[in-house]
Amino acid sequence: MGHVEISHLEYYLPDGRVLFDDASFRVGEGASVALVGANGAGKTTLLRMVAGDLQPHGGTVTVSGGLGVMRQFVGTTGRAGSTAGGSEQEAEDGHELAHDASVRDLLVSVAPPRIRTGARAVDAAELAMVAQDDEKTQLAYAQALSDWADVGGYEYETIWDVCTTAALGMPYDRAQWRGLNTLSGGEQKRLVLEALLRGPDEVLLLDEPDNYLDVPGKRWLEEQIRSTAKTVLYISHDRELLANSAEKIASVEPGATGSEVWVHGGGFASFHAAREERFARYDELRRRWTRSTPS
Ligand SMILES: Nc1ncnc2c1ncn2[C@@H]1O[C@H](COP(=O)(O)OP(=O)(O)OP(=O)(O)O)[C@@H](O)[C@H]1O
Ligand SMILES: [Mg+2]
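Because the structure is a prediction, the values reported are computed rather than measured. (Residues numbered from 1 in each chain as written. Chains lettered and ligands numbered in written order. Predicted model: local features only at pLDDT ≥ 70, side-chain atom pairs only at ≥ 80, totals over all residues. Heavy atoms only, no water.)

Now for the overall build of the protein. When helices and strands are counted, the protein shows 11 helices and 9 strands. With the C-alpha coordinates aligned to their principal axes, the bounding extent of the protein is approximately 85 × 40 × 30 Å. Looking at the protein residue by residue over its 295 residues, the buried ones come to 45%. Counted over contacts in the protein with a minimum sequence separation of 6, partners at least 24 positions apart contribute 60%. (Helix = DSSP H or I, 4+ residues; strand = E, 2+ residues; numbered from the N terminus. Buried < 20%, exposed > 50% of the residue type's maximum accessible area, 1.4 Å probe, protein only. Contact = heavy atoms within 4.5 Å.)

Before going further, it helps to spend a moment on the domain arrangement of the protein. Examined at the domain level, the protein breaks down into domain 1 (1-67 + 236-295) and domain 2 (84-200). Placing a centre on the C-alpha atoms of domain 1 and another on those of domain 2 gives a separation of 35 Å. (Domains from an automatic or database assignment.)

In this section: the coordination of the magnesium ion (ligand 2). Protein coordination at the magnesium ion (ligand 2): the donors are Thr44 (OG1) and Gln72 (OE1), at 2.0 to 2.4 Å from the metal. Of this pair, threonine 44 sits in helix α1 (residues 43-51) while glutamine 72 is found in the loop between β5 (67-70) and α2 (88-93), placing the two residues 28 residues apart along the sequence. (Donors = N, O, S within 2.8 Å, 3.2 Å for Na, K, Ca; no water.)

A cluster of nonpolar residues, Phe279, Tyr282 and Leu285, forms a patch on the protein surface that exposes about 260 Å² of accessible area. On the secondary structure map, leucine 285 appears in helix α11 (residues 271-292). (Patch = residues over 30% accessible without salt bridge, like charges linked within 9 Å, V, L, I, M, F, W, Y side chains within 5 Å. Areas by Shrake-Rupley, 256 points an atom, 1.4 Å probe, with all protein chains shown as cover. Salt bridge = Lys/Arg side-chain N within 4 Å of Asp/Glu carboxyl O.)

This next bit is on the confidence of the model for the protein. Considering every residue of the protein, the mean pLDDT works out to 90; 92% of them sit at 70 or more. Long-range and interchain partners of residues 77-94, a stretch whose pLDDT sits below 50, account for 33 contacts in this model, where long-range means more than four residues apart. (pLDDT = per-residue confidence, 0-100.)

Looking now at the environment of lysine 218. Inspection of the secondary structure puts lysine 218 in helix α9 (residues 215-227). On a C-alpha basis, the gap between lysine 218 and arginine 17 in space is 35 Å, while along the polypeptide they are 201 residues apart. If we ignore the near neighbours within four places in the chain, the residues touching lysine 218 are Asp210, Leu213, Asp238 and Leu241.

Below, the discussion takes up the side chain of arginine 104. By the element assignment, arginine 104 lies in helix α3 (residues 103-109). For arginine 104, a relative accessible area of 5% corresponds to the buried category. A polar side-chain atom of arginine 104 sits 3.3 Å from the main-chain carbonyl oxygen of alanine 119. Ignoring any residue separated from it by four or fewer positions in sequence, one finds arginine 104 in contact with Ala119, Asp123, Glu157, Trp160, Tyr172, Gln176 and Trp177. (Polar contact = N/O pair within 3.5 Å; in protein donor to acceptor, adjacent residues only side chain to side chain.)

Following the sequence through the fold, tyrosine 172 ends up in helix α7 (residues 172-175). Each C-alpha atom of the pair tyrosine 172 and arginine 275 lies 46 Å from the other, and the pair is 103 residues apart in sequence. Once you skip the residues sitting within four places of it in the chain, tyrosine 172 turns out to touch Arg104, Leu107, Glu157, Trp160, Asp161 and Thr164.

With that settled, the discussion passes to the side chain of aspartate 207. Mapping aspartate 207 onto the fold places it in strand β6 (residues 203-207). Buried charged residue aspartate 207 carries no salt bridge. Nearest counter-charge: lysine 189, at 6.7 Å. In terms of polar contacts, aspartate 207 uses its side chain to reach the side chain of threonine 44, at 2.7 Å. Residue contacts for aspartate 207: discarding those within four places in its chain leaves Thr44, Leu47, Met70, Arg71, Gln72, Lys189 and Ile235. (Lys, Arg positive; Asp, Glu negative; His and termini not counted.)

Let us now look at the site of ligand 1. Around ligand 1, a shell composed of 16 residues is seen, among which Gly40, Gly42, Lys43, Thr44 and Thr45 lie nearest. Separating an oxygen atom of ligand 1 from a side-chain N or O atom of glutamine 72 is a distance of 3.0 Å. The protein chains hide 68% of the 650 Å² of surface that ligand 1 would expose on its own. For the shell around ligand 1, the element with the highest residue contribution is α1, accounting for 3 residues. Across the shell around ligand 1, the residue classes break down as 6 nonpolar, 7 polar and 3 charged. (Near = heavy atom within 4 Å. Nonpolar A, V, L, I, M, F, W, Y, C, P; charged D, E, K, R; others polar.)

Printed below as a string of structure tokens:
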């Protein structure tokens, strides 16, 4: 069911500040691990290194089982300085969506690579037909549709139908051309979650998936995280969601030499006591060190 392992990760910000000096942890097969920590601690940066959006300056990231990613700002890389408009290259990469992107574009952007490639080829062939309806263009269009069938595109559209029905209350046929900007924040999040949970990727990275969700939506998400066979690494600031869904807590703690990441092997209910104990142990060690080191 896929796993994630990060080992001795180092990451420096453009201004030279050390964000991570030596971060290591593992998310085992089928586990649900929540990344918690203050604003700016480095949670999103860590997730983006696992997703491959950012290259660490040291250490390694290992992922097995195919990766599905929900970014903090749906439809974007979350890249500093990037806007929802995105560039053509980012749109090509499947991360950044254009400002007039549709529901279909969003679903394509979170689909596995073979579906992304097939869907983009169909879109390009359709566009070419509008510009020039000659035999060569028609043949290219027929080929794109045949390739779409070969990669399982039509079966994938039946999954998208279930997703739009659940998230937007309408079949894919009607929902696919709706502008993303006509969807509420919660509807966008729900749609991506439906697609990732029903897709083939065994590991899901979810950056604040509960943001914008209403109370029933949050309860639904807790249940999905608890019951899915997938491996889930997610970020949340919602104590109730964390208490009801996380098996383990990975805590990102800012410090003078970069953020430290440590894993509490239990749920959120016992996390705070474990954290206090950890700090008390550190203080004790520091006191002993100071006593035994002559000044
Ligand atoms: N390109 C950049 N240039 C300078 N600083 C950056 C850049 N990208 C990120 N940072 C800084 O890195 C730190 C970590 O950011 P990150 O987005 O990972 O935090 P986070 O833990 O996800 O916070 P939040 O809970 O607010 O989402 C922040 O202090 C942020 O300002
Ligand atoms: Mg973040």
